[in-house]
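# Structure at a glance
Next come the chains, spelled out residue by residue.
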Amino acid sequence: MAERTLAESLREKVRARPLPRHVAIIMDGNGRWAEARGLPRLAGHREGSESVRAVTREARRIGLEALTLYAFSAQNWSRPPDEVAGLMQLLAEYLDSERAEIMDNDVRLHAIGELDRLPGFVRERLERMRQESQGNRGLILTLALSYDAREDIAQAARRAAAEGVSLDRDALDARLWTVGLPELDLLVRTSGERRVSNFLLWQCAYAELAFTELLWPDFRELELLQVVDDFQRRERRFGLTGAQVAARDRA
Ligand code: FPP
C-alpha cells in the first residue's frame, strides 16, 4: 500500500515536468535473479517479461513517446540452445498475450535487429502485431531482437553506398533501423553492470545514462518513475556551458 502511494505521488511529479521523449533499457540480470532463488534461468526471463509488461504500462501512463527494450542481442544466439529456445517461446507468448493491451492502449509495436534470424513463429507474430498496431498513435514500443548496433551502422552505410548517396549524418540516420524514432534521451541498464554492450551506439550520442543495481525482474513501475525523476533533475548541456543553459532556459 505504501509503495502504491509512493508510485502515485511520484507519477504526478514526473508528469508535471518535461519528460524524456525516448527511453531505452538494457534489461539485464534475469539469470542472476533466478540463480539467487535456485530456479532455472528461464524462470528469471519469465519474471523479466512481467517487468516488460509493467514498465511498458507505466511508460504509456506517464506519456513517453518511445520505449526501446533490448530483449535479445545478436550475441545471445550463442547461449545454450534450450535458453535461446525458451526465450523465443517467451517472446511468442508475450506477443500473443499482450495483443489486447497493445491495441486498447494505442501502443505501436515494432522491432529492430536482424529480424530474419528469428524463428518463423516469432517473426510472424511480430509482423502481425506491427501491422495491426501501425495506426496507433500512443507509445512506440520497440523490441530490439537479434540486435547489434555496429551491424546497424554497417548496414546503413552499405545501403547508402549501394544507393550512391554520400554518407553524411542525415543519410546514415535515415537508414538506421531506428529511423523515425525520437532522439534517445535516456538509456537505463539494470543489474549493476556499467556497459553499453553494443546497444544504440550511434543513438547514445547525447543520451543520459542511468545504471541501477536492481536486477531486471525487480524493476517495475516505481523503478521506472525513479529513473525518469532522476533524469528530470539533470542538467543537459549539449556542449554548452552551465551559464548558457541557464540563460537559454530563462529565455
Ligand atoms: C539479460 O539477462 C536478459 C536477456 C538476455 C533477455 C531479456 C528478455 C526478457 C526480459 C524477457 C522476454 C522479453 C520480452 C520482450 C517479453 P541475463 O540472462 O543476461 O542475466 P544475467 O546477466 O544475470 O545472467
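Given the structure is predicted, the values throughout are model-derived calculations rather than measurements. (Residues numbered from 1 in each chain as written. Predicted model: local features only at pLDDT ≥ 70, side-chain atom pairs only at ≥ 80, totals over all residues. Heavy atoms only, no water.)

This next bit is on the packing of helix 3 (residues 41-62) against helix 4 (residues 81-97). As a packed pair, helix 3 and helix 4 sit with axes 10 Å apart at the nearest point and diverge in direction by 30°. If you check the angle between helix 3 and helix 4, you find them roughly parallel. Along this stretch, helix 3 crosses helix 4, giving a crossing that reads as right-handed. The segment helix 3 lies against helix 4, with Arg 41, Leu 42, His 45, Arg 46, Ser 49, Val 52, Arg 53 and Thr 56 engaging Glu 83, Gly 86, Leu 87, Leu 90, Glu 93, Tyr 94 and Ser 97. For the contact of helix 3 with helix 4, the residue count by class is 5 nonpolar, 5 polar and 5 charged. (Axes fitted to C-alpha atoms, helices over the stretch in contact; angles between N-to-C directions. Helix = DSSP H or I, 4+ residues; strand = E, 2+ residues; numbered from the N terminus. Parallel < 35°, antiparallel > 145°, perpendicular 65-115°, else oblique. Left-handed = near helix turned anticlockwise from the far one by under 90°. Contact = heavy atoms within 4.5 Å. Nonpolar A, V, L, I, M, F, W, Y, C, P; charged D, E, K, R; others polar.)

With that out of the way, let us pick up the pairing of strand 6 (residues 208-211). A one-sided burial pattern is seen for strand 6, the buried positions being Glu 208 and Ala 210 and the unburied ones Leu 209 and Phe 211. In the sheet, strand 5 (residues 186-189) pairs with strand 6 via 4 bridges, with the strands oriented parallel. Counterpart to Val 188 in the pairing with strand 6 is Ala 210. (Buried < 20%, exposed > 50% of the residue type's maximum accessible area, 1.4 Å probe, protein only. Pairing = 2+ DSSP bridges.)

The residue Asp 106 is not glycine, and still its phi comes out positive at about 60°. With respect to the helices and strands, the residue Asp 106 is situated in the loop between helix 5 (99-104) and strand 3 (108-112). In this model, Ser 191 sits at a positive phi of 80°, which is unusual for a non-glycine residue. Looking at the element boundaries, Ser 191 is found in the loop between strand 5 and strand 6.

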